[in-house]
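# Topology and contacts: notes
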Amino acid sequence: MPNALITGITGQDGSYLAELLLQKGYRVYGIVRRASTFNSERISHLLNDIEFIDADLLDQASLIHAVRHSRADEIYNLAAMSFVGTSFLQPVATGEYTALSAARMLEAVRFVDRPVRFYQASTSEMFGKAQTIPQNEHTPFYPRSPYGVAKLYAHWMTVNFRESYDLFACSGILFNHESPRRGLEFVTRKISHAVARIHLGLQDKLKLGNLEAKRDWGFAGDYVQAMWLMLQQEEPDDYVIATGVSHSVREFVDAAFDYIGIDDWSPYVEIEPQLFRPAEVDQLLGDASKAHEKLGWASVTSFEDIVRSMVEHDIRQLTQAEAIIKNASYLLTAQPC
Ligand code: NDP
Ligand code: GDR
């Protein structure tokens, strides 16, 4: 039974990757950081199947301990401060969490006396002000946010450790991928959640920034397969992972409102200048030909299915929460003291 260590196991991708590796028979270890409440919502169904290790991206010794204790054959480095908006407000912290943390993980792996395969979660944000369309492994990088700059450092460190120390280290340059487990601050989930609330009469406005930005949106469940495939190859390499189709934020809004039967969503959406970014990434569109050819990987979930599953999930979840609140208030008012 191979051992895998996942940093960022409580995040969107970590949860899908843990499910995949458990299905494949791995013993799965996950790094969790100390917080006042344990963020286990996405992995609550896996708590008995994963071994958790207390560690923090800022603490080198804890990462060395995690790598040694897990005796990992494969390490998936997914943990980071992953929100572009916050990176403009906290560029230095973003450098610590998103850039230097990758160097700390690589250093922890370098001194292990067994072969370890390492995956780094790189991103299409490194292309930023993209020099060509579509973007592939040869497209020059031009990051447009402190997050993109930090991820570029982590990407080059992964390449450098591979070339310097013969480490089996791969960088997956993944384009945006979404799911019902996406954090509420990202635009897709912000939209699906608000549309669900509007449908249920819980909210009447959705405030957004730039509706014209275009992204190549895939499904997170499809993308974690590519992470695993990269570490099963004979040689380590870097791969772009994308659907090859891009849509604007406006088109996402259209599709989400369409799902609840609203054609004209203009009365519900307000454009908020504060939600525009200081520097924007206007259009991302990935060319994953190399992954198709060498990994045999392809994205299978369509844009429409992603939007539908997210709105559907949010309506269901909010309906259940409402029912619980109603039951609770009935019990509180109807029960004798
Ligand atoms: P999430 O934001 O959902 O998850 C981030 C994870 O990092 C969480 O588990 C979080 O833990 C953990 N983390 C953050 N800071 C620390 C810390 N100091 N110590 C330990 N753990 C920490 O991200 P995603 O799952 O969406 O993305 C996974 C990775 O892939 C990220 O690196 C992201 O930048 C990158 N990426 C994502 C893409 C996407 O479209 N989703 C596309 C390309 C790259 P906690 O729960 O405690 O906050
Ligand atoms: P992104 O995702 O920056 O691509 O990074 P996000 O969903 O935050 O933004 C996508 C686009 O939508 C525009 N936008 C808004 N964004 C947010 N969050 N909130 C809004 O109200 C809003 N209105 C318009 C943004 O300007 C942007 O153009 C994600 C993250 O998962 C990264 O970690 C990952 O590396 C990249 O995808 C690939």
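All of the points below concern the structure found in this document. Since this is a predicted model, take the numbers as computed values, not measurements.

Parameters and conventions
- Residues numbered from 1 in each chain as written.
- Chains lettered and ligands numbered in written order.
- Predicted model: local features only at pLDDT ≥ 70, side-chain atom pairs only at ≥ 80, totals over all residues.
- Helix = DSSP H or I, 4+ residues; strand = E, 2+ residues; numbered from the N terminus.
- Rg over C-alpha atoms; globule rule 2.2 N^0.38 Å.
- Buried ≥ 20, exposed ≤ 12 C-beta atoms within 10 Å, placed from the backbone.
- Contact = placed C-beta atoms within 7 Å.
- Near = placed C-beta within 6 Å.
- Nonpolar A, V, L, I, M, F, W, Y, C, P; charged D, E, K, R; others polar.
- Axes fitted to C-alpha atoms, helices over the stretch in contact; angles between N-to-C directions.
- Left-handed = near helix turned anticlockwise from the far one by under 90°.
- Pairing = 2+ DSSP bridges.
- Expected span 1.5 Å × (residues − 1).
- Arc of directions from axis to C-beta.

Bringing the overall build of the chain into the picture now. Across its full length, the chain holds 10 helices and 13 strands. Expected size for 337 residues packed as a compact globule is a radius of gyration near 20 Å; at 21 Å, the chain falls within 12% of this value. Projected onto its principal axes, the C-alpha positions of the chain cover 65 × 55 × 40 Å. Going through the 337 residues of the chain one by one, you find that 44% of them count as buried. Across the chain, the fraction of contacts at a sequence separation of at least 24, relative to all contacts at a separation of at least 6, is 78%.

This part takes up the site of ligand 2. Looking at ligand 2, there are 23 residues lining it, with Val84, Thr123, Val187, Gly209 and Ala213 nearest. Counting only elements with at least two residues in the shell around ligand 2, the list comes to helix 3 (84-89) and helix 6 (187-199). Of all the elements, helix 6 adds the most residues to the shell around ligand 2, at three residues. Partitioned by chemical class, the residues of the shell around ligand 2 number nine nonpolar, eight polar and six charged.

What follows is about the packing of helix 1 (residues 12-23) against helix 7 (residues 220-230). Axis separation between helix 1 and helix 7 bottoms out at 9 Å; the angle between their running directions is 65 degrees. The crossing of helix 1 and helix 7 is right-handed. Where helix 1 abuts helix 7, its residues Gln12, Asp13, Tyr16, Leu17 and Leu20 lie against Ala220, Gly221, Val224, Gln225, Met227 and Trp228. The residue inventory of the contact of helix 1 with helix 7, partitioned by class, reads seven nonpolar, three polar and one charged.

Another point: unusual backbone geometry. A cis amide bond links Ile133 to the next residue, Pro134, at an omega of -5 degrees. In this structure, Pro134 sits in the loop between strand 5 (117-123) and helix 5 (146-165). With a phi close to 45 degrees, Arg71 is a non-glycine residue in the positive phi region. Inspection of the secondary structure puts Arg71 in the loop between helix 2 (60-70) and strand 4 (74-77). Positive phi, normally seen in glycine, also occurs at Asp166, with a value near 60 degrees. The topology assignment puts Asp166 in the loop between helix 5 and strand 6 (168-174). With 9 C-beta atoms counted inside 10 Å, the residue Asp166 sits in the exposed group.

Strand order across the open sheet formed by seven strands is 3-2-1-4-5-6-11, with parallel pairing between neighbours. Each having just a single partner strand, strand 3 (50-54) and strand 11 (238-241) make up the two edges of the open sheet. The sheet shows a mean angle of 20 degrees between the axes of neighbouring strands, taken without regard to direction. Pairing geometry for strand 4 and strand 5, over four bridges, is parallel. Residue Asn77 lies in a different strand from strand 5, and its bridge partner there is Gln120. Sitting on the sheet, helix 1 touches strand 1 (3-7), strand 2 (27-32), strand 3 and strand 4, and the angle it makes with strand 2 is about 160 degrees. The sheet contacts of helix 5 involve strand 5 and strand 6, and relative to strand 5 the element is tilted by about 150 degrees.

Quick look at helix 1 now. The end-to-end C-alpha separation of helix 1 is 17 Å, in line with the 16 Å expected for 12 residues at 1.5 Å each. Turning to helix 1, its buried residues number three or more, namely Gln12, Asp13, Gly14, Ser15, Tyr16, Leu17, Ala18 and Leu21. Backbone geometry just downstream of helix 1 places Gly25 in the positive-phi region, at approximately 95 degrees.

So, on to helix 2. Buried within helix 2 are the following residues: Leu63, Ala66, Val67 and Ser70. Here the buried residues of helix 2 occupy an arc of 95 degrees about the axis, which is enough to place them on one side. At its buried positions, helix 2 is contacted by strand 1, strand 2, strand 3, strand 4 and helix 4 (91-110). Arg71 occupies a position one or two residues after helix 2 and carries a positive phi of about 45 degrees.

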